[in-house]
Amino acid sequence: MHRQMDHGHGHRRPGYPMAAAVFAVGMAGTTLPTPLYGLYRAQLGFSELMVTIVFAVYALGVIATLLLVGNVSDEVGRRPVLLCALGLSAASALCFVFEGGLPALFAGRLLSGFAAGLLSGAATVTVMELAPPGREARAGLAATAANMGGLGCGPLLAGVLAQYAPWPLRLPFLVHLALVATAGVVTWFLPETVAVTKRARPGRGRGTRGRWGPPRPRGLTVPPRVRGVFVPSALAAFAGFALLGLFTAVAPSFMAQTLGVRDLAVSGAVVFSVFLASTVGQSLLGRVGVRAALPGGCFVLVAGLALVGASLAVRSLPLLVAGALCGGLGQGLAFRAGMTAVSGAAPPEHRGGTVSAFFVVAYLGISLPVVGVGALTLWLGLRGAGMVFTVVVLVLAAGVGLYLLRRPPAPR
């Protein structure tokens, strides 16, 4: 039986930091394979294009989940959705533990995408809703930092274990299974923040469609009053996530083939650095403010993309790391500012669905451009494809930044 949580008694049960930890564990599983793709390529003998397709299957799983059930936690409660997401994350890890070729990799990535799709909307909103009065801003940082921090810890954990421990293609996923089990126990004790029994009554609220029933797809429906904020914020997220996609799908291959860096721990650490910088960028929002952070984040992202492009041109690892740090900083600043603006503008009964729609656009950014890079490698090679990618995303980020400079989101 679900009832609205009394924040005054929230200290007796796990609060928003524990919900953020659950979020981070779930997201770490989605990037665990990043430093391992080279090992899978050597073992199974597939191309760079296939690497990006395996990677993008994850994003398709995220997008399908957000489109079909992005609003489900508004209807059935946050906690059941979080438990379901962790179950899917465990199933994904098992696909990799018992990996038997490309079909198992595709299945593992798809399940991972389903898990991330449920987590992206539900866990973000759960962390924010569990914040006691006066801690909303801190909880907002905890939610987005858990998202990016979890994504960054996946490659770092897998890279270190694959380089220095036995069973490089299995141990990372066994460790993650143990973390998911722990997160499941924590989630069981989280307070529920959605009053499902109240919302089940006929005519209760605009989000219930009269009576409670199976959740219905809402697609990318964003309340009209939110759209002016949503479109530029989501495009900024698209550009930033395109950079993250490049690092999580292609950067380890580029480092091995072009720079001769074959240490998996090092490639995992470089991917971790872009997510670490993203988390730092998010933490700066309170000082910078949403109005300045959205365009400012886009311009810092542009500088990062320029450095990544330069690193490809002159084959420089230090420039690649600088691009990761600068691009990640800009991505984090713009992403959290966009999330804050969109979440703040959305009415409470549509918040889960609106936040999920924001993530749909972001995950299109992490998938479509990366598959484009994979296809271009067939004609231009990895280096040429990466340079084309950086120019295209740089132009998009600069255009969004200039638009937001002229029309910043209204303060709320």
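Remember, predicted model here, so these are calculated numbers, not experimental data.

Moving on, we come to unusual backbone geometry. Backbone geometry places W167, a non-glycine residue, at a positive phi of 50°. Relative to the helices and strands, W167 is located in the loop between α7 (136–164) and α8 (171–188). Of the residues examined, W167 reaches a relative accessible area of 57% and is grouped as exposed. Phi at R315 is positive, roughly 55°, even though this residue is not glycine. For R315, a relative accessible area of 48% gives the class partly exposed.

Here we take up empty space enclosed by the protein. Taken as a whole, this structure holds four cavities of 30 Å³ or more when the rule is applied. The volume enclosed by the largest cavity comes to roughly 80 Å³. In terms of lining, the largest cavity is formed by L246, F247, V250, A251, F254, V308, L312, L320, L382 and G386. Where the lining of the largest cavity is concerned, the elements lending two or more residues are α10 (227–249), α11 (251–257), α14 (290–314) and α16 (351–406). Residue composition of the lining of the largest cavity, grouped by class: nine nonpolar, one polar and no charged. Estimated volume of the second largest cavity: approximately 60 Å³. As for the second largest cavity, its lining consists of G29, T30, L32, S89, S92, A93, F96, S112, A115, F173 and H176.

Next up on the list: a nonpolar patch on the surface. Taken together, the side chains of L378, W379, L380, V388 and V392 make up a nonpolar region of the molecular surface, amounting to roughly 540 Å² of accessible area. Inspection of the secondary structure assignment puts L378 in helix α16. Its relative accessible area of 53% is what places L378 among the exposed residues.

Here we come to the environment of L394. Along the chain, L394 falls in helix α16. Placed 85 residues apart in sequence, L394 and G309 show a C-alpha to C-alpha distance of 9.6 Å. Once you skip the residues sitting within four places of it in the chain, L394 turns out to touch V302, L305 and A306.

Tallying each qualifying case throughout the model produces ten aromatic pairs. Put simply, the rings of F55, Y58, F241, F335, F358, F359 and Y363 pair up and form one aromatic cluster.

Each pair of packed helices gets described by two things: the angle between the helix axes and the distance between those axes. Across the interface, helix α1 (residues 16–31) lies against α8 with an axial gap of 9 Å and an inter-helix angle of 150°. By the angle between their directions, the pair α1 and α8 is classed as roughly antiparallel. When you trace α1 past α8, the crossing you get is left-handed. Along its contact with α1, which presents M18, V22, V25, A28 and G29, the element α8 presents H176, L179, V180, A183, V186 and T187.

This next bit is on the confidence of the model for the protein chain. When pLDDT is averaged along the protein chain, the result is 87; 89% of the residues meet or exceed 70. The secondary structure element of the protein chain with the lowest average pLDDT is helix α9 (residues 196–199), at 48, and the one with the highest is α8, at 97. Low confidence marks residues 1–11, where pLDDT is under 50. Its contacts with residues over four positions away, or in another chain, come to 22 contacts.

Cut-offs used in this document
Residues numbered from 1 in each chain as written. Predicted model: local features only at pLDDT ≥ 70, side-chain atom pairs only at ≥ 80, totals over all residues. Heavy atoms only, no water. Helix = DSSP H or I, 4+ residues; strand = E, 2+ residues; numbered from the N terminus. Buried < 20%, exposed > 50% of the residue type's maximum accessible area, 1.4 Å probe, protein only. 1 Å grid on protein atoms, 1.4 Å probe; cavity = no way out; pocket = protein on both sides within 12 Å on 5 of 7 lines; lining within 4 Å. Points joined across faces, edges and corners; volume = space filled by probe spheres on them. Nonpolar A, V, L, I, M, F, W, Y, C, P; charged D, E, K, R; others polar. Patch = residues over 30% accessible without salt bridge, like charges linked within 9 Å, V, L, I, M, F, W, Y side chains within 5 Å. Areas by Shrake-Rupley, 256 points an atom, 1.4 Å probe, with all protein chains shown as cover. Salt bridge = Lys/Arg side-chain N within 4 Å of Asp/Glu carboxyl O. Contact = heavy atoms within 4.5 Å. Phe/Tyr/Trp six-rings, centres within 6.5 Å; stacked < 30°, edge-to-face > 60°. Axes fitted to C-alpha atoms, helices over the stretch in contact; angles between N-to-C directions. Parallel < 35°, antiparallel > 145°, perpendicular 65-115°, else oblique. Left-handed = near helix turned anticlockwise from the far one by under 90°. pLDDT = per-residue confidence, 0-100.

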